[in-house]
Amino acid sequence: MTDLPTRLLGRTGVRVTTLGFGAMELRGAPRGPELSDQEAERILNDVLDSGINFIDTSIDYGRSEERIGRFLSHRRHEYFLASKCGCVVGGAQGEHVHTAQNIRHGVENSLRLLKTDHLDLVQFHRSLTRQEFEQDGALEEALKLKSEGKVRFLGVSGTLPNLVEQIELGVFDAFQIPYSALQREHEEVISKAAQAGAGTIIRGGVARGAPTDWQRTNYMLPGTTMQDRWERARLDELLDGQTRIEFTLRFTLSHPGLSTTIVGTRDPKHLRDNLEFARKGPLPSEVVAEAKRRLTQAGSTPEAVPATGVRAAGAAQATAQA
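Residues numbered from 1 in each chain as written. Predicted model: local features only at pLDDT ≥ 70, side-chain atom pairs only at ≥ 80, totals over all residues. Heavy atoms only, no water.

For the protein chain, an unreviewed UniProt entry supplies the name Aldo/keto reductase and the organism Sorangium atrum.

**What about the overall build of the protein chain?**
Across its full length, the protein chain carries twelve helices and ten strands. For the protein chain, the proportion of its 322 residues judged to be buried stands at 59%. Sequence separation of 24 or more characterises 77% of the internal contacts of the protein chain that already satisfy a separation of 6 or more. When the accessible surface of the protein chain is split by element, carbon and sulfur atoms take 48% of a total near 13200 Å². (Helix = DSSP H or I, 4+ residues; strand = E, 2+ residues; numbered from the N terminus. Buried < 20%, exposed > 50% of the residue type's maximum accessible area, 1.4 Å probe, protein only. Contact = heavy atoms within 4.5 Å. Areas by Shrake-Rupley, 256 points an atom, 1.4 Å probe, with all protein chains shown as cover.)

**Observations regarding the pattern of salt bridges**
Evaluation of the coordinates by the stated rule reveals 33 salt bridges. Here R279 makes a salt bridge to D3, at a shortest N to O gap of 2.8 Å. Residue R279 is found in helix α10 (residues 268–280), and its partner D3 is found in the segment before β1 (6–8); the two are separated by 276 residues along the sequence. Classification of R279 as partly exposed rests on a relative accessible area of 37%. Overall, D3 belongs to the exposed group, its relative accessible area being 52%. (Salt bridge = Lys/Arg side-chain N within 4 Å of Asp/Glu carboxyl O.)

**Re empty space enclosed by the protein**
Rolled over the atoms, a probe with the dimensions of a water molecule shows which regions are left empty. Enumeration over the complete set of coordinates arrives at two cavities of 30 Å³ or more. In this model, the second largest cavity occupies a volume close to 30 Å³. Forming the walls of the second largest cavity are L19, G20, F21, I52, V263, T265, L271 and N274. Taken together, the elements giving at least two residues each to the lining of the second largest cavity come down to β3 (19–22) and α10. Per-element accounting of the lining of the second largest cavity gives the leading share, three residues, to β3. Of the residues contributing to the lining of the second largest cavity, the split by class is five nonpolar, three polar and no charged. (1 Å grid on protein atoms, 1.4 Å probe; cavity = no way out; pocket = protein on both sides within 12 Å on 5 of 7 lines; lining within 4 Å. Points joined across faces, edges and corners; volume = space filled by probe spheres on them. Nonpolar A, V, L, I, M, F, W, Y, C, P; charged D, E, K, R; others polar.)

**Quick notes on the layout of surface pockets**
Taken as a whole, the second largest pocket spans an internal volume of roughly 150 Å³. Its residues assigned to classes, the lining of the second largest pocket comprises five nonpolar, five polar and three charged.

**A few points about the packing of aromatic side chains**
A full pass over the atoms with the stated rule returns eight aromatic pairs. Plain terms: the ring middles of W230 and F247 are 5.9 Å apart, the flat faces sit at 80 degrees to each other, and that makes the pair edge-to-face. Within this pair, whereas W230 is found in helix α8 (residues 223–232), its partner F247 is found in helix α9 (residues 244–253), the two being separated by 17 residues in sequence. Classification of W230 by relative accessible area gives buried; the value is 1%. Owing to a relative accessible area of 0%, F247 belongs among the buried residues under this scheme. By way of ring pairs, the aromatic residues F124, F133, F172 and F175 are connected into one cluster. The ring of Y79 carries the charged tip of R76 above its face, separated from the ring centre by 5.3 Å. (Phe/Tyr/Trp six-rings, centres within 6.5 Å; stacked < 30°, edge-to-face > 60°. Lys NZ or Arg CZ within 6 Å of the ring centre and 35° of its normal.)

**Points about the packing of α9 against α10**
Put simply, α9 and α10 touch, their axes get as near as 9 Å, and they point 45 degrees apart. Judged by the angle between their axes, α9 and α10 are oblique. Once α9 is placed against α10, the crossing between them reads as right-handed. Across from I245, E246, L249, R250 and L253 in α9, the residues of α10 making contact are N274, F277, A278 and K280. By residue class, the composition of the contact of α9 with α10 is five nonpolar, one polar and three charged. (Axes fitted to C-alpha atoms, helices over the stretch in contact; angles between N-to-C directions. Parallel < 35°, antiparallel > 145°, perpendicular 65-115°, else oblique. Left-handed = near helix turned anticlockwise from the far one by under 90°.)

**A short note on the confidence of the model for the protein chain**
Mean pLDDT over the protein chain works out to 89, with 87% of the residues at or above the 70 mark. Here residues 304–322 scores under 50 on pLDDT; set against residues more than four positions off or in separate chains, the count is 50 contacts. (pLDDT = per-residue confidence, 0-100.)

**With respect to the packing of helix α1 (residues 37–49) against helix α2 (residues 64–72)**
Working note: a packed helix pair is described by the angle between its axes plus the distance between those axes. Axis separation between α1 and α2 bottoms out at 10 Å; the angle between their running directions is 70 degrees. Classified by the angle their axes make, α1 and α2 are roughly perpendicular. The element α1 and its partner α2 pack so that their crossing is right-handed. Contacts between α1 and α2 involve D37, A40, E41, L44, N45 and L48 from the former and R67, I68, R70, F71 and L72 from the latter. Considering only residue class, the contact of α1 with α2 consists of six nonpolar, one polar and four charged.

This is the structure:
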């Protein structure tokens, strides 16, 4: 048993730890920092030994799938395995093709590398429109893979504005969505997804929302915007002895619609720190309220989600917490 908090991943009925592991940093050179197989094996087994039971990877992440299969396939029953589709096997980073043929080839190649007969969750790695999902058979093929048992659940790594339409399609079991104290644009649509019964996987909850990462300029917002939001909201005044990383992670965990947040690292100490913060759970409600007040006053206001007919089935599931 783990002492990490768990929540239901929406209508899947699976309980996942609120801290998941994002495996992008296992990709290795040249797309990422050098990482030996020994280091990859250690961090992956540390993840499972700590009690984390949610691992997110992708075809796009270099050697990540291969390393998970090599070092964790013998422990497959211990974790919920999520990967992506639409990426091109062996293609350039960020290259995506949404044809039925490429969806099937990608999933079957992932199964081979990960040394498993099924993926628990396959997520489209681009936030497509309904027309893009359907025009070349991508969504239909993903549903076929699900009916064949090669995939248990389907999801999307989504962003506004298409995320609203994706929720309303009613075929996706989970959504991976960017969110942090410094990137609150999706705050309301996370709630919409949870109210519709979908699981919500938060990305960027620390690594791209924390002040230690202000220099990044290639993900959604430039680093200077993040730094400006933090400083204008005077969030340092709310830390009460916490590090900025702890505050940011626990702010993310405070969202009631969250199922899990994936945090990637190749450093065992960083993993231990993240585990310690996650065990403390959400920030006190009054601290969250004050942080949001300050951020809104400083001009960091969540983007409004258009009124929709999103179904509310399963909302209680999505927010249940052990």
